[in-house]
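# Examination of the molecular architecture
Take a look at the letters that make up each chain.
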Amino acid sequence: MDLSTPRRRVYGADHDDPDPGPRPGRRYGELVGGPLDGLLLDVTGWSPGRLAEEARLPTEIGRYGPGGRAHYRRRAADPDRWDWSGDSR
């Protein structure tokens, strides 16, 4: 691993976790845009149907603050990336 490049953080990892990055043997999608831009979403074990659905991820840093959710959809042309589609309560 290149030590000059910071390790990516996984969505939902504890802020106190000394190693909040991806784990071996897991599958991730990159969140693109919106409040969770750049985080990795662990999609290990998700069915094809679940992967086709919009992910509604709880976050305090979106438009609606605590109790809000950021919505992401898997990119058809690049399924390893999930594009932000908006926020909700």
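Residues numbered from 1 in each chain as written. Predicted model: local features only at pLDDT ≥ 70, side-chain atom pairs only at ≥ 80, totals over all residues. Heavy atoms only, no water.

## Structural notes on the nonpolar core
For clarity, the cut-off: Buried Ala, Val, Leu, Ile, Met, Phe, Trp, Tyr and Cys residues that are joined via side-chain atoms within 4.5 Å together make up what is termed a nonpolar core. Three exposure classes are used, based on accessible area relative to the maximum for each residue type with a 1.4 Å probe and protein chains only: buried under 20%, partly exposed in between, and exposed over 50%. The secondary structure listing takes helices from DSSP runs of H or I that are at least 4 residues long and strands from runs of E that are at least 2 residues long, numbered from the N terminus.
Residues Leu31, Leu36, Leu39, Leu41, Val43, Leu51, Ala55, Leu57, Ala70, Tyr72 and Trp82 constitute the largest nonpolar core, which totals 11 residues. For this core, the secondary-structure elements that each account for two or more residues are strand E3 (55-59) and strand E4 (68-74).

## Section: the pattern of salt bridges
For clarity, the cut-off: The term salt bridge refers to a pairing of a side-chain nitrogen on Lys or Arg with a carboxyl oxygen on Asp or Glu at a separation within 4 Å.
Tallied over the full model, the rule gives 10 salt bridges. A salt bridge links arginine 56 to glutamate 54; its shortest N-O distance comes to 3.5 Å. Overall, arginine 56 belongs to the partly exposed group, its relative accessible area being 48%. On the accessibility criterion, glutamate 54 (13% relative accessible area) is buried. One salt-bridge network, in which partners are shared between bridges, spans Arg8, Glu30, Asp78 and Arg81.

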